[in-house]
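Okay, here's what each chain looks like letter by letter:
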Amino acid sequence: MSDAKTHSNIVSKETKKAIKRDWQLYLLLMLPVAFVVIFSYAAYPGLRMAFMDYKPALGYEGSEWVGLQIFKKIFKDPDFIRALRNSVSFNLLDLLVSFPAPIILALMLNELRLMRFKKVSQTILYLPHFLSWAIIGSVAYTMFRPSTGLVNMFLMRMGVIEKGIPFLTEKWHWAVSYLLIGVWQGMGWGTILYLAAITSINGELYEAAMIDGAGRWKRMWHITLPGIKGTVVTLLIMNLGRVMGSSLERLKALDNTQVREFEYQLAIYIYEKGLQNSKFSQATAVGLFQSLVGVMLVLIADRVAKRLGEEGLL
Amino acid sequence: MFNKKEETTTSDGSRAIVRLHVSDFVIVAVLTILCSTCILPFWHVLVKSISGNGPVMAKEVFLWPKDFTLDSYVSVFHDKSMTYSMGYSVFVVLLFTALGMLVCTCAAYPLSKKRLKGKKFFTFVLMVPMYFSAGMIPSYLLLNNLHLLDTMWVLILPLVYSPYNMLVMKTYFQSSIPDSLEESAFLDGATNFQILMRIVLPLSKPIIATLSLFYAVGRWNAYSDHYYYITSDKLRLIQYKLQLLVEGAEASIQTALGDVGGAANTTTPEVLQAACIMFVTIPIIAVYPFLQKYFVKGAMIGAVKG
């Protein structure tokens, strides 16, 4: 009893001392805390809409609780199934082509011996990362329109094709263009972390390998790649979390009526159902589903990575 | 930093100055192609924007202007809504960046102090939003209740606090500002505020520059919030204006797509559209060479903590 008392006395004394010394720091913290509370935490209670038949006119109090009804409903909604199918397949394909691209590019940049050329090409390759999707989309149309796009004009002029290729206006062509534009936009910037990881590899390893007669490919395969494995795994886990979400900006920037069937992904579904048709409960449920699956994928991938002896993310 | 490279060249260099392999040429060729895919599209748009309408319609403009004219730019600058939107965007971005840096510093500095009581709790509170967001509809209803929808502030306040930027700044404070400096100031009777203002911030100029650019470029390029929160034309940032312009142009082309060919397209002022794209792109390309190195630094600091 008395022990506990003195203990709590000491604690409060220490706390008092800390507050006296650092009250200004706590004061500073109030500002960011206010921002997260007002703009992030205050939105969390809104998630209960996913379990209610939310009617804007009735508000949270008046609307009825329906348990998992909304979730059952969305899984029967053909629009949702289509959006889900598109999101998952496009994001997996995106991961498949966009994830290795920066690794390969970083390996190539690392092998360059012309330092000036390396610097200049890095600067140029980073550029697309700094441009908005509105710019990328509008430039893409300027390049790929069937009759007036640069690529088609050039190919027709050369006599390679007679009619313009509908790069962005036919769904299968669009799918490829969508993915390749993504690769193009992200590959340069994506090299930064890999290049940083490569520079931290011990130079003696390369020297020893060269004395042993290992060629460029062998050195790349046995030293550089293992050297950046940790970075690769970390970034892969992070990217897996994005398999459910797609960028509304990217979709809208390359949007047109001919490709609706593939373009219709979860981001579009939530936007159109939720805001344009005011189906608040449904859109919230889909959003919740999306972020839960994302978090779960990251956790599972992290587990698997640790099982395999990697450092993991968390 | 490049010690591996130097060793390669010196050990090779004693016998043959540079021993080039076929693979060297392949790498240079591939990189040259990739680089040109990053430059040529913009060059083409630029060339188109300063060419005459006639040659563009006749599909004669590729990578060199024909009938040079700046008429299209004159029309863009005469279009009040474009110039207004540019000025407005710059204003919003500056305000956003200033507020963002203020909030970021207020979070990062206290959390960089090991001795701070409750540090774990505050870090947790401030990091959760990075991993879990309530989603679009709850945020929309929240902003509606706060009466922020369709105001300039809805483009600023919800994004002002960025957990990622906070982490970068905190990591910088912890790794680059020696504790001893602060301790001696403390013994001299300086308060926490004074230490922050007179010692820590002046020593943190590089990270302040980097994060300001993160904030500024982030806001400059993002426009998805316009789809949800903005309805008035006056409140739209320039990127979204460009997006609308292109959407509109695509729609008008597609309605005439039935007869693919020249005639249908004569209605779309391609040159003007190219000038609009350049009008929005040039500011970022102009400052980009100066920003790049700060961005690379910031990305590296962020990755350490990741």
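Residues numbered from 1 in each chain as written. Chains lettered and ligands numbered in written order. Predicted model: local features only at pLDDT ≥ 70, side-chain atom pairs only at ≥ 80, totals over all residues.

With respect to the overall build of chain A
Reasoning step 1: When its secondary structure is counted, chain A shows 16 helices and two strands.
Reasoning step 2: For chain A, the C-alpha radius of gyration of 26 Å lies well beyond 20 Å, the compact-globule estimate for 314 residues.
Reasoning step 3: A principal-axis box enclosing the C-alpha atoms of chain A has dimensions of 90 × 65 × 40 Å.
Reasoning step 4: Counting only residues that meet the buried cut, chain A has 39% of its 314 residues in that class.
Reasoning step 5: Long-range pairs, those at least 24 residues apart, make up 66% of the contacts in chain A between residues at least 6 apart in sequence. (Helix = DSSP H or I, 4+ residues; strand = E, 2+ residues; numbered from the N terminus. Rg over C-alpha atoms; globule rule 2.2 N^0.38 Å. Buried ≥ 20, exposed ≤ 12 C-beta atoms within 10 Å, placed from the backbone. Contact = placed C-beta atoms within 7 Å.)

Quick word on the overall build of chain B
Reasoning step 1: Per the secondary structure count, chain B includes 16 helices and zero strands.
Reasoning step 2: Taking the intrachain contacts of chain B between residues at least 6 apart in sequence as the baseline, contacts between residues at least 24 apart amount to 70%.

Things to note about helix 6 (residues 119-131) of chain B
Three or four residues apart is the spacing at which side chains of an α-helix point the same way, because the helix has 3.6 residues per turn.
Reasoning step 1: Taking 1.5 Å per residue, 13 residues should reach 18 Å; helix 6 of chain B reaches 19 Å between its end C-alpha atoms and fits that length.
Reasoning step 2: A bend of about 25 degrees at Val125(B) is the largest found in helix 6 of chain B, and the proline Pro129(B) appears one to four places after it. (Expected span 1.5 Å × (residues − 1). Bend = angle between axes of the 7 residues up to and from the residue.)

Concerning the environment of Gly188(A)
All names here are of chain A.
Reasoning step 1: Mapped onto the elements, Gly 188 comes out in helix 9 (residues 171-199).
Reasoning step 2: With 26 C-beta atoms counted inside 10 Å, the residue Gly 188 sits in the buried group.
Reasoning step 3: Separated by 82 residues in the primary sequence, Gly 188 and Ile 270 place their C-alpha atoms 31 Å from one another.
Reasoning step 4: With residues up to four places along the chain from it excluded, the contact list for Gly 188 reads Leu 125, Tyr 126, Pro 128 and His 129.

Quick notes on the domain arrangement of chain A
Residue and element names in this part refer to chain A.
Reasoning step 1: Here chain A is partitioned into domain 1 (2-62) and domain 2 (74-307).
Reasoning step 2: Centre-to-centre separation of domain 1 and domain 2, based on C-alpha positions: 38 Å.
Reasoning step 3: Counting residues at the interface gives seven residues for domain 1, matched by six residues for domain 2.
Reasoning step 4: Taken together, the residues of the side of domain 1 that touches domain 2 sort by class into six nonpolar, no polar and one charged. (Domains from an automatic or database assignment. Nonpolar A, V, L, I, M, F, W, Y, C, P; charged D, E, K, R; others polar.)

What to know about the nonpolar core
Reasoning step 1: Ranked by internal contacts, the top residues of the largest apolar core, which has 134 residues, are Ala140(A), Ala107(B), Met169(B) and Ile277(B).
Reasoning step 2: When residues of this core are assigned to their parent elements, the largest contribution, 10 residues, is made by helix 5 (residues 80-111) of chain B.
Reasoning step 3: Taken together, domain 1 (2-62) and domain 2 (74-307) of chain A each give at least three residues to this core, which thus spans both.
Reasoning step 4: Among residues more than four places away in sequence, those in contact with Ala107(B) are Leu29(A), Pro32(A), Leu126(B) and Met166(B). (Core = buried A, V, L, I, M, F, W, Y, C linked by C-beta atoms within 7 Å.)

Notes on unusual backbone geometry
Negative phi characterises most residues that are not glycine, and trans characterises most peptide bonds.
Reasoning step 1: Non-glycine residue Ser278(A) carries a positive phi angle of around 55 degrees.
Reasoning step 2: Looking at the secondary structure, you find Ser278(A) in the loop between helix 15 (266-276) and helix 16 (280-307).
Reasoning step 3: With 13 C-beta atoms packed within 10 Å, Ser278(A) lands in the partly exposed category.
Reasoning step 4: In this model, Lys59(B) sits at a positive phi of 55 degrees, which is unusual for a non-glycine residue.

Describing the interface of chain B and chain A
Reasoning step 1: Counting from both sides, the interface comprises 85 residues of chain B and, opposite them, 76 residues of chain A.
Reasoning step 2: By residue number, the principal contributor to the side of chain B that touches chain A is helix 2 (residues 22-49) of chain B, which donates 15 residues.
Reasoning step 3: By residue class, the composition of the side of chain B that touches chain A is 55 nonpolar, 22 polar and eight charged.

Observations regarding the packing of helix 15 of chain A against helix 16 of chain A
Residue and element names in this part refer to chain A.
Reasoning step 1: Their axes nearest at 8 Å, the elements helix 15 and helix 16 cross at an angle of 160 degrees. On the basis of the axis angle, helix 15 is roughly antiparallel to helix 16. For the pair helix 15 and helix 16, the crossing hand works out as left-handed. Here Leu 266, Tyr 269, Ile 270, Lys 273 and Gly 274 of helix 15 come into contact with helix 16, specifically with Phe 280, Gln 282, Ala 283, Val 286, Gly 287 and Gln 290.
Reasoning step 2: Split into classes, the residues belonging to the contact of helix 15 with helix 16 amount to six nonpolar, four polar and one charged. (Axes fitted to C-alpha atoms, helices over the stretch in contact; angles between N-to-C directions. Parallel < 35°, antiparallel > 145°, perpendicular 65-115°, else oblique. Left-handed = near helix turned anticlockwise from the far one by under 90°.)

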